[in-house]
Amino acid sequence: MCAPSLLDPAAEELKLAEVNGPQTAVDVARTARTLLGERFDSGSFMYVLMRAFDVEYTSARDATRWHEFHGGPRALSDADLEKLLAPWLAR
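Residues numbered from 1 in each chain as written. Predicted model: local features only at pLDDT ≥ 70, side-chain atom pairs only at ≥ 80, totals over all residues. Heavy atoms only, no water.

*Asks:* How should I be thinking about the pattern of salt bridges in this particular structure?
*Replies:* Between side chains of opposite charge, a pair can form when the charged atoms approach closely. Inspection of the entire model under this criterion finds 6 salt bridges. Where arginine 51 meets aspartate 8, a salt bridge forms, and the shortest distance between an N and an O atom there is 3.3 Å. In this pair, arginine 51 sits in helix H3 (residues 42-53) while aspartate 8 sits in helix H1 (residues 4-19), placing the two residues 43 residues apart along the sequence. For arginine 51, a relative accessible area of 42% corresponds to the partly exposed category. Its salt-bridge partner being lysine 15, residue glutamate 12 comes within 3.2 Å of it at the nearest N-O pair. Separated by 3 residues within a single helix, glutamate 12 and lysine 15 lie in helix H1, roughly one turn from each other. For glutamate 12, a relative accessible area of 35% translates into the label partly exposed. A relative accessible area of 31% means that lysine 15 is categorised as partly exposed. Sharing partners across several salt bridges, the network here consists of Arg30, Arg33 and Glu68. (Salt bridge = Lys/Arg side-chain N within 4 Å of Asp/Glu carboxyl O. Helix = DSSP H or I, 4+ residues; strand = E, 2+ residues; numbered from the N terminus. Buried < 20%, exposed > 50% of the residue type's maximum accessible area, 1.4 Å probe, protein only.)

Here it is, written out as structure tokens:
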């Protein structure tokens, strides 16, 4: 994972995007991936979720199992990701 100083700008961009209108969890995840670019990995994604939306650690960790990031039997569907992050994105 990168130093927080390299990830904070992406977290701030995600916060600003939310201020301009509610986003779905899928939109947030795709935007985070785009903003982080080569710095994107599960740790950096968790960090920006927690920093931008105050997502609790276990939920941020679970969000890294979204099917567009990782496949496999434990992958989260779009609907699963929406349900998981709803408490923080619906504020």
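*Asks:* Looking at this structure, I do not really get the packing of helix H2 (residues 25-36) against H3. What am I missing?
*Replies:* For any two helices packed against each other, one specifies the inter-axial angle together with the distance between the axes. One can describe the packing of H2 onto H3 by two numbers: an axis separation of 11 Å at closest approach and a directional angle of 115°. Judged by the sense of rotation from one axis to the other, the crossing of H2 with H3 is right-handed. Contact residues: Val28, Ala29, Ala32 and Leu36 in H2; Ser44, Phe45, Val48, Leu49 and Phe53 in H3. Tallied by class, the residues present in the contact of H2 with H3 amount to 8 nonpolar, 1 polar and no charged. (Axes fitted to C-alpha atoms, helices over the stretch in contact; angles between N-to-C directions. Left-handed = near helix turned anticlockwise from the far one by under 90°. Contact = heavy atoms within 4.5 Å. Nonpolar A, V, L, I, M, F, W, Y, C, P; charged D, E, K, R; others polar.)

*Asks:* For this particular structure, what's the right way to read the side chain of serine 59?
*Replies:* Topologically, serine 59 is positioned in helix H4 (residues 57-63). Given the relative accessible area of 7%, serine 59 is considered buried. Discounting residues that sit within four places of it in the chain, serine 59 has contacts with Leu84 and Trp88.

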